[in-house]
Amino acid sequence: MTNKDKKRKAAANWTNYLYLAPATVLIALFFISSIIYTVYLSFQNWDGFSPMTFAGLSNYLHLFTDPNFKISLMNTFIWVVCSLVVSLIIPLLLAILISKSSWLTGFKNIFYFPTALSATVGGMIIASMLSKYGIPQLFSFIGLPNLMQDWLAVPYVNTFIMIVMGMWQGVGMNMLLFLSGLKNIPSSPIEAAVIEGANTYHLYAKVIFPLLKPTTIVVLLMSLVNSFKVFDSIWVMTKGGPYRTSETLALTMYEESFIYNRFGVGSAVAVVLTVMILIVSYFNLKNTFQEPNIA
């Protein structure tokens, strides 16, 4: 290849990068710049109208001494832990149970239907069902009037109800991901394990689950990120109440910024939430590219 050909090929390669330029510019302008501005704003006192004043670390110190933030942090971790359990175990079991079924398409549609609903619509449905004129009304007909109440108004009970609603909407997508992972597992390791006399437990524990690790990591990461940033369903169902007892960090960020006009504090919550998501994502992505160990 002559020097002229090399220069022409290099020019063509650089031309290809021009197709990425618009998206790169937009990301730099609207994403990266927003992150930088949010971090900057977290060190300021600002109500959205008055001039900004430098606050140093006072916004962060305020967060970790605020009892509402501690409750929000605790609720967020409850969401995360429940996501780890429910969003992994139940979809995986469902995928295994229906993977060989002749009614596979029908089961996919049934379990995926809640995922097709937005979190706002799902929250409104559950809120209507659990109001005093919904399911609790049935308790008055069976002689249990003490249970006839708005369960979403009961502190901490409402958090677990909303977690169940969130998991109900997320199970279908995770199940489809596991079904895809099971379908893409090569048959040779499974056949070799069966020939060697592996029973069902050892087949799944030693062969199938290790080979499902990339899919499991994807499901885990999606569930963790979604549980950290859950907002819309909580806002529709309880608005963080009663007395801010069902708030998560995403809801606290919104309320501090747009309800109480403390944009510095709200930005500090956003920074804390982003750092937590980045840390969790890093360790999960780090494990994604490790080869599965099949004993």
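Computed from a predicted model, the values in this text were never measured in an experiment.

**With respect to the pattern of salt bridges**
Part 1 of the argument: This structure, assessed with the given rule, holds four salt bridges.
Part 2 of the argument: Between Glu247 and Arg244 there is a salt bridge, with its nearest N and O atoms 2.5 Å apart.
Part 3 of the argument: Arg244 gets classed as buried once you look at its relative accessible area, which sits at 14%.
Part 4 of the argument: The residue Glu256 makes a salt bridge to Arg262 at a minimum N-O spacing of 2.7 Å.
Part 5 of the argument: Taking relative accessible area as the criterion, Glu256 reaches 1% and is therefore assigned buried.

**Thoughts on the side chain of Thr215**
Part 1 of the argument: For Thr215, the location among the structural elements is in helix 11 (residues 213–228).
Part 2 of the argument: Sequence-distant contacts of Thr215, that is, excluding residues within four places in its chain, are made with Leu177, Phe178 and Gly181.

**Some details on the packing of helix 4 (residues 67–98) against helix 11**
When two helices pack together, their arrangement is given by the angle between their axes and by how far apart the axes lie.
Part 1 of the argument: Following both chains from N to C, one finds helix 4 and helix 11 inclined at 150 degrees, their axes separated by 9 Å at the closest point. Relative to helix 11, the element helix 4 lies roughly antiparallel. Between helix 4 and helix 11 lies a crossing whose hand is right-handed. Across from Thr76, Trp79, Val80, Ser83, Leu84, Ser87 and Leu88 in helix 4, the residues of helix 11 making contact are Thr216, Val219, Leu220, Ser223, Leu224, Ser227 and Phe228.

**Some remarks on helix 10 (residues 200–211)**
Part 1 of the argument: Its 12 residues place the ends of helix 10 15 Å apart at the C-alpha level, agreeing with the 16 Å of an ideal helix rising 1.5 Å per residue.
Part 2 of the argument: Inspection of helix 10 places Leu203, Val207, Ile208 and Pro210 among the buried residues, and these make up the whole buried set.
Part 3 of the argument: Looking at the packing, one finds that the buried side of helix 10 touches helix 8 (157–183), helix 9 (187–195) and helix 11.
Part 4 of the argument: If you check the start of helix 10, you find a side-chain oxygen 3.3 Å away from the backbone N of Tyr201, and it comes from Asn199.

**Side note on the side chain of Asn158**
Part 1 of the argument: On the secondary structure map, Asn158 appears in helix 8.
Part 2 of the argument: Judged by relative accessible area, which is 0%, Asn158 ranks as buried.
Part 3 of the argument: At a separation of 3.2 Å, a polar atom in the side chain of Asn158 contacts the main-chain amide nitrogen of Tyr156.
Part 4 of the argument: Aside from chain neighbours lying at most four places away, what touches Asn158 is Trp151, Leu152, Thr238, Gly241, Pro242 and Ser246.

**Points about the packing of aromatic side chains**
Part 1 of the argument: Overall, the coordinates contain 11 aromatic pairs when judged by the stated rule.
Part 2 of the argument: A centroid spacing of 5.3 Å and a plane angle of 40 degrees characterise the contact between Trp46 and Phe263, whose relative ring orientation is tilted. Of this pair, Trp46 sits in the loop between strand 1 (44–45) and strand 2 (53–54) while Phe263 is found in helix 14 (residues 263–288), placing the two residues 217 residues apart along the sequence.
Part 3 of the argument: Note on Phe263: relative accessible area 17%, which makes it buried.
Part 4 of the argument: Ring centres of Trp235 and Tyr254 lie 5.1 Å apart, and the angle between their planes is 70 degrees; on these two criteria the pair is classed as edge-to-face. One end of the pair, Trp235, is in helix 12 (residues 232–237); the other, Tyr254, is in helix 13 (residues 249–259), with 19 residues separating them in the sequence.
Part 5 of the argument: Grouping aromatic residues by their ring pairs yields a cluster made of Trp46, Phe231, Trp235, Tyr254, Phe258 and Phe263.
Part 6 of the argument: One residue, Lys239, lies across the ring of Trp235, its end atom 5.4 Å from the ring centre.

**A closer look at helix 8**
Part 1 of the argument: Over its 27 residues, helix 8 extends 39 Å from the first C-alpha to the last, a length consistent with the 39 Å expected when each residue adds 1.5 Å.
Part 2 of the argument: Taking the largest bend as the criterion, helix 8 deviates by roughly 35 degrees, centred on Gly170.

**Focus: a nonpolar patch on the surface**
Part 1 of the argument: Taken together, the side chains of Val121, Ile125, Met129, Ile135, Leu138, Phe141, Ile142, Leu144 and Leu147 present a nonpolar region at the surface, about 800 Å² in accessible area.
Part 2 of the argument: Listing elements by their share of the nonpolar patch, those giving two or more residues are helix 6 (119–130) and helix 7 (136–141).
Part 3 of the argument: Counting residues per element, the nonpolar patch draws most heavily on helix 6, at three residues.
Part 4 of the argument: Along the chain, Ile142 falls in the loop between helix 7 and helix 8.

**A few points about the environment of Leu179**
Part 1 of the argument: Here Leu179 is to be found in helix 8.
Part 2 of the argument: Considered as a pair, Leu179 and Ile96 are 83 residues apart in the sequence and their alpha carbons are 7.6 Å apart.
Part 3 of the argument: Those residues within four positions of Leu179 in sequence are excluded, and the remaining contacts are Ala95, Ile98, Ser99, Leu104 and Lys108.

**Remarks on unusual backbone geometry**
Part 1 of the argument: Between Gly241 and the following residue, Pro242, the backbone shows a cis peptide bond with an omega angle of -5 degrees.
Part 2 of the argument: In this fold, Pro242 is placed in the loop between helix 12 and helix 13.
Part 3 of the argument: Positive phi outside glycine occurs at Tyr156, with the angle close to 75 degrees.
Part 4 of the argument: With respect to the secondary-structure elements, Tyr156 resides in the loop between helix 7 and helix 8.
Part 5 of the argument: Phi is positive for Tyr243, close to 55 degrees, though the residue is something other than glycine.

The rules behind each value
- Residues numbered from 1 in each chain as written.
- Predicted model: local features only at pLDDT ≥ 70, side-chain atom pairs only at ≥ 80, totals over all residues.
- Heavy atoms only, no water.
- Salt bridge = Lys/Arg side-chain N within 4 Å of Asp/Glu carboxyl O.
- Buried < 20%, exposed > 50% of the residue type's maximum accessible area, 1.4 Å probe, protein only.
- Helix = DSSP H or I, 4+ residues; strand = E, 2+ residues; numbered from the N terminus.
- Contact = heavy atoms within 4.5 Å.
- Axes fitted to C-alpha atoms, helices over the stretch in contact; angles between N-to-C directions.
- Parallel < 35°, antiparallel > 145°, perpendicular 65-115°, else oblique.
- Left-handed = near helix turned anticlockwise from the far one by under 90°.
- Expected span 1.5 Å × (residues − 1).
- Polar contact = N/O pair within 3.5 Å; in protein donor to acceptor, adjacent residues only side chain to side chain.
- Phe/Tyr/Trp six-rings, centres within 6.5 Å; stacked < 30°, edge-to-face > 60°.
- Lys NZ or Arg CZ within 6 Å of the ring centre and 35° of its normal.
- Bend = angle between axes of the 7 residues up to and from the residue.
- Patch = residues over 30% accessible without salt bridge, like charges linked within 9 Å, V, L, I, M, F, W, Y side chains within 5 Å.
- Areas by Shrake-Rupley, 256 points an atom, 1.4 Å probe, with all protein chains shown as cover.

Nothing here speaks to function; it is all geometry.
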